[in-house]
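Inside the fold
As a plain string of letters, each chain reads:
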Amino acid sequence: MKTYDVLIVGGGLAGASLALALKPLGLSLAVVETLSPETRRASPAGDRALALALGSVEIFRKLSVWDKAAAKAVPIHHIHVSDRGHFGKTRLHATELGVEALGYVIPARELEQAVLETCAHRAVDFICPAEVTGLKVLENRVEIRLKSDRETWRCQARLVVAADGGNSKVRQWMGIGQRVQDYGQVALVSTVECEKPHRYTAYERFTSSGPLALLPLAKRRCALIWSQETQQARKLQSLPSPEMEARLQQAFGWKLGALGLAAPLRAFPLRLIRAERLFGERVVIVGNAAHQLHPVAGQGFNLGLRDVMVLAGFLEEQQRRGGDPGAFTLLERYAKARVRDHDRVIGFSDGLIRWFSLSTSFSALGRNLGLLALDHLPPLKRRFSYQAMGMDQESGFL
Ligand SMILES: Cc1cc2nc3c(=O)[nH]c(=O)nc-3n(C[C@H](O)[C@H](O)[C@H](O)COP(=O)(O)OP(=O)(O)OC[C@H]3O[C@@H](n4cnc5c(N)ncnc54)[C@H](O)[C@@H]3O)c2cc1C
């Protein structure tokens, strides 16, 4: 039976990025992924646009992914946050911070493609399409059951990484619970054609029916991410395009001129999910398997990519020492190292939703004064900008 040092379950963005970060270490390594590259490419989920923080772009440069992805990515030079029907707004500018961009927007499908191509180029062992169907922790290793459409087999690993997404089976098999908070909302996602140029601005507009983001894409297009209560979203989806466009126009306003839908609306249910622990015996959790956030602040994958890089850093140290990649102390260190970042980003995204869903005039006044203060107090604005960029003010990275 084959024994790996590290077996990664899930070859989505988090799992495949981890494989790239670990590849130079000389560990015996494989990624198991259910979806074939063709199925992934054809999946409508690939239509969602990802806002990558500048910190994530730096990571992708190091992993040699960015040369392949850059041509498909659009820079964010400005961020405009506003509260519909109120006076408060905040504007952030890349030039004020002396950075090339506050972040980049890229369709998920294009980023996945660039990551997978880099994996192929670097000869990462992808067991695909195949599914992990169970695991058993033994002394000093884990035994893993796998299944493809032709056969079932077993292998072993000294460390299993759960990068198997929000419904992580690995987490469940390890008996690790999760805290789930259902926002009762879905994100309606589409592409919008704008009459006026977006000037590389990401708009975040909080409306009474939910936050609405328009992220810059190539030419005069923007990616729409509009969170709505589930019932309301169903109604909007059933409207003929002109009526839906009128609702969108009413919610966003005329800053970008007339807005027209350029792709069908797709719905993604919105929940905040957080694993109760980030590791079990010889198993560690990264990416969406550890946390699934509301996309309002565009932070979910950015946070997952930092999980990946912190874990890769600890595994590199351990490899240099000739230590065990599944050692309890290493996994415990990883879990401790990630708590602060998880608390901060989850608190930030969740806080935005709560803050902007309060509808009393007192709370509306409070948040608009907050937006105004943010716009006029440079140190506060700098802190907020660095948070949005996924970077640390002193060291450059979180
Ligand atoms: C509408 C929307 C907008 C978003 N916008 C942003 C944004 O702007 N910025 C941002 O940072 N994030 C954003 N996100 C979040 C981001 O999409 C996710 O955080 C990211 O895709 C998660 O990647 P992952 O690899 O952890 O999980 P997944 O993408 O879920 O990958 C898990 C993989 O594991 C595989 N798998 C599962 N079970 C098994 C098994 N048993 N055996 C083998 N393989 C298995 C699956 O096939 C899948 O490929 C957004 C999300 C949504 C829904």
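Overview of the structure.

What counts, and at which threshold
Residues numbered from 1 in each chain as written. Predicted model: local features only at pLDDT ≥ 70, side-chain atom pairs only at ≥ 80, totals over all residues. Heavy atoms only, no water. 1 Å grid on protein atoms, 1.4 Å probe; cavity = no way out; pocket = protein on both sides within 12 Å on 5 of 7 lines; lining within 4 Å. Points joined across faces, edges and corners; volume = space filled by probe spheres on them. Helix = DSSP H or I, 4+ residues; strand = E, 2+ residues; numbered from the N terminus. Nonpolar A, V, L, I, M, F, W, Y, C, P; charged D, E, K, R; others polar. Contact = heavy atoms within 4.5 Å. Near = heavy atom within 4 Å. Polar contact = N/O pair within 3.5 Å; in protein donor to acceptor, adjacent residues only side chain to side chain. Areas by Shrake-Rupley, 256 points an atom, 1.4 Å probe, with all protein chains shown as cover. Salt bridge = Lys/Arg side-chain N within 4 Å of Asp/Glu carboxyl O. Buried < 20%, exposed > 50% of the residue type's maximum accessible area, 1.4 Å probe, protein only.

**Section: empty space enclosed by the protein**
- Enumeration over the complete set of coordinates arrives at one cavity of 30 Å³ or more.
- Along the walls of the largest cavity sit G11, G12, L13, A16, R40, E112, V115 and L116, which together make up its complete lining.
- Elements that contribute at least two residues to the lining of the largest cavity include exactly α1 (13-22) and α6 (108-121).
- A per-element tally of the lining of the largest cavity places α6 first, with three residues.
- Here the lining of the largest cavity is built from residues that sort into four nonpolar, two polar and two charged.

**Thoughts on the side chain of S17**
- For S17, the location among the structural elements is in helix α1.
- Discounting residues that sit within four places of it in the chain, S17 has contacts with F60, L63, V115, F301, L305 and V308.

**So, the site of the ligand**
- Neighbouring the ligand are 30 residues, the closest being E33, R40, R48, A51 and N288.
- L13 is positioned such that a nitrogen or oxygen atom in its backbone is 3.2 Å from an oxygen atom of the ligand.
- E33 places a polar side-chain atom, nitrogen or oxygen, 2.6 Å from an oxygen atom of the ligand.
- Notes on the ligand: free accessible area 1,000 Å², of which the protein chains cover 86%.
- In terms of residue class, the shell around the ligand is built from 15 nonpolar, 10 polar and five charged.

**Focus: the pattern of salt bridges**
- Tallied over the entire structure, the rule returns 16 salt bridges.
- With its nearest N and O atoms 2.8 Å apart, the salt bridge here joins D47 to R266. Of this pair, D47 sits in the loop between α2 (37-42) and β3 (49-53) while R266 sits in strand β17 (residues 266-275), placing them 219 residues apart in sequence.
- For R266, a relative accessible area of 27% translates into the label partly exposed.
- Between R221 and E193 there is a salt bridge; the shortest N-O distance is 3.1 Å. Placement of the pair is R221 in strand β15 (residues 221-229) and E193 in strand β12 (residues 178-194), with a sequence separation of 28 residues.
- Several salt bridges converge on common partners, so that one network encompasses R306, D307, R338, D341 and R344.

So, to be careful, I would describe these as geometric facts and stop short of saying anything about function.
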